[in-house]
Amino acid sequence: MTRARPVVAIDGPAGAGKTTVTQQVAARLGYSLVDTGALYRAVALAVQRRAVAWHDAPRIGEIARALADGRLLRFESGGAGGDSRVLLEGEDVSSAIREPEIGRGASIVSALPAVREALLAMQRDAGSQGGVVLEGRDIGTTVFPDAEAKFYLTASVDVRARRRASELSTRGLPADLDDVRREVIERDARDSNRPVAPLSRASDAALVDSSALEIDEVVEQIVRRVREVEARLAEHTRRTP
């Protein structure tokens, strides 16, 4: 399938700055934004609200399928880099899904094959026409292996832990650096070792290490690369009868 504008896939571990970077990249490009991690967080929130144990994989799978089949979980892009919303059973849960406990739950439920299968079609539908930036951990490898522009955004464990601790502190939440660092390492292990769609860098994804870079520098690198891809697509379109 040849798209007029590319699908931009930005994968990477927790704390690498993906959310901020994807928001700014989408805004610079005038693309829509899809935060696929927010969908898994919403499933985790639904599980928590139903008082289902994190280890109850069959029940969690049923919840995810029911949400997807009933269109009870929706991602509304703000378009052109604007603010987006996650709606769970009609409620805007965009803030609620950012709580630390929900983040941990999302790492658990996202490892379940039934959950990933339930949300896969939703993610692909959101980006099928191109002109979209998708953030996640398996966008370039599983969701859109044919994405025209792929990036793997990462940073050292220490840098990611400091960033996460600073974020939590800003929100008035507990932020002991050693505890946060341990959680980052544990999250990396869960995401990288899960049996279905583990966190990994696609073979054709450009590596962007943000450890020593400012956000603006990271965004500039990615936007410059996407503009090159846009030019190639435009040239292909001109040459195709």
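About the cut-offs
- Residues numbered from 1 in each chain as written.
- Predicted model: local features only at pLDDT ≥ 70, side-chain atom pairs only at ≥ 80, totals over all residues.
- Heavy atoms only, no water.
- Helix = DSSP H or I, 4+ residues; strand = E, 2+ residues; numbered from the N terminus.
- Rg over C-alpha atoms; globule rule 2.2 N^0.38 Å.
- Buried < 20%, exposed > 50% of the residue type's maximum accessible area, 1.4 Å probe, protein only.
- Areas by Shrake-Rupley, 256 points an atom, 1.4 Å probe, with all protein chains shown as cover.
- Pairing = 2+ DSSP bridges.
- Axes fitted to C-alpha atoms, helices over the stretch in contact; angles between N-to-C directions.
- Contact = heavy atoms within 4.5 Å.
- Core = buried A, V, L, I, M, F, W, Y, C linked by side-chain atoms within 4.5 Å.
- Parallel < 35°, antiparallel > 145°, perpendicular 65-115°, else oblique.
- Left-handed = near helix turned anticlockwise from the far one by under 90°.
- Nonpolar A, V, L, I, M, F, W, Y, C, P; charged D, E, K, R; others polar.
- Lys, Arg positive; Asp, Glu negative; His and termini not counted.
- Salt bridge = Lys/Arg side-chain N within 4 Å of Asp/Glu carboxyl O.
- Polar contact = N/O pair within 3.5 Å; in protein donor to acceptor, adjacent residues only side chain to side chain.
- 1 Å grid on protein atoms, 1.4 Å probe; cavity = no way out; pocket = protein on both sides within 12 Å on 5 of 7 lines; lining within 4 Å.
- Points joined across faces, edges and corners; volume = space filled by probe spheres on them.

Enquirer: Got a sec to walk through the overall build of the chain? Specific residues and values, please.
Expert: Each helix and strand in the chain was counted, giving nine helices and eight strands. Taking 2.2 N^0.38 as the reference for a compact globule, 241 residues should give roughly 18 Å; the C-alpha atoms of the chain span a radius of gyration of 18 Å, in line with that estimate. Taken over the C-alpha atoms alone, the chain extends approximately 55 × 40 × 30 Å along its principal axes. A total of 241 residues make up the chain; the buried ones form 46% of that total. Of the roughly 11400 Å² that the chain leaves accessible, carbon and sulfur atoms contribute 49%.

Enquirer: Describe the sheet that holds strand E6 (residues 132-136), and please don't skip the residues or the numbers.
Expert: Neighbouring strands of a sheet are bound in pairs by backbone hydrogen bonds; such pairs are parallel or else antiparallel. One open sheet accounts for five strands, arranged E2-E6-E1-E7-E8; its pairing is parallel. Since the sheet does not close on itself, it has two edges, and those belong to strand E2 (32-35) and strand E8 (206-209), each with one partner. For this sheet, the mean angle separating the axes of adjacent strands, direction not counted, is 20 degrees. Together, E2 and E6 form the strand contacts of helix H2 (residues 36-49), whose direction differs from that of E2 by roughly 40 degrees.

Enquirer: I'd like to hear about the nonpolar core, residue by residue, with values.
Expert: Ranked by internal contacts, the top residues of the largest apolar core, which has 38 residues, are Val43, Leu73, Val86, Ile97, Val115 and Leu119. The element that contributes the greatest number of residues to this core is H2, accounting for nine residues. In this view, Ile97 contacts Ala38, Arg41, Ala42, Leu45, Val86 and Ile102; residues no more than four positions away in its chain are not counted. In terms of nonpolar packing, the next biggest core, distinct from the first, is built from 21 residues, Ala16, Tyr31, Val133 and Ile222 among them.

Enquirer: So what's going on with the packing of helix H3 (residues 57-69) against helix H5 (residues 113-127)? Which residues, and what values?
Expert: Their axes nearest at 8 Å, the elements H3 and H5 cross at an angle of 15 degrees. In terms of axis orientation, H3 runs roughly parallel to H5. In terms of crossing hand, the pair formed by H3 and H5 is left-handed. Across the interface between the two elements, Ile60, Gly61, Ala64, Arg65 and Ala68 from H3 touch Ala114, Val115, Ala118 and Met122 from H5. For the contact of H3 with H5, the residue count by class is seven nonpolar, one polar and one charged.

Enquirer: Lay out the side chain of Glu135 in plain terms, naming residues and giving numbers.
Expert: Along the polypeptide, Glu135 turns up in strand E6. Of the side chains with opposite charge, Lys18 lies nearest to the buried Glu135, which makes no salt bridge, at 4.6 Å. Among the polar contacts made by the side chain of Glu135, one reaches the side chain of Thr22 at a distance of 3.2 Å. Among residues more than four places away in sequence, those in contact with Glu135 are Ile10, Lys18, Thr19, Thr22, Val34, Asp35, Thr36 and Gly37.

Enquirer: For the layout of surface pockets, give the residues involved together with the corresponding values.
Expert: The volume enclosed by the second largest pocket comes to roughly 340 Å³. Considering the residues around the second largest pocket, the lining is formed by 17 residues, among which Arg71, Leu73, Ala121, Met122 and Asp125 are closest to the centre.

Enquirer: Any details on the pairing of strand E1 (residues 7-11)? Residues and values, ideally.
Expert: With five of its five residues buried, E1 lies for the most part within the structure. Residues Val7, Ala9 and Asp11 of E1 are buried on one face, and the alternating residues Val8 and Ile10, pointing to the opposite face, are buried as well. In this structure, E1 lies alongside E6, joined through five bridges in parallel fashion. When the bridges of E6 are listed, Val8 appears paired with Val133. When E1 meets strand E7 (residues 149-154), the two strands line up parallel, connected through four bridges. For Val8, the partnering residue across the bridge sits in E7 and is Ala149.

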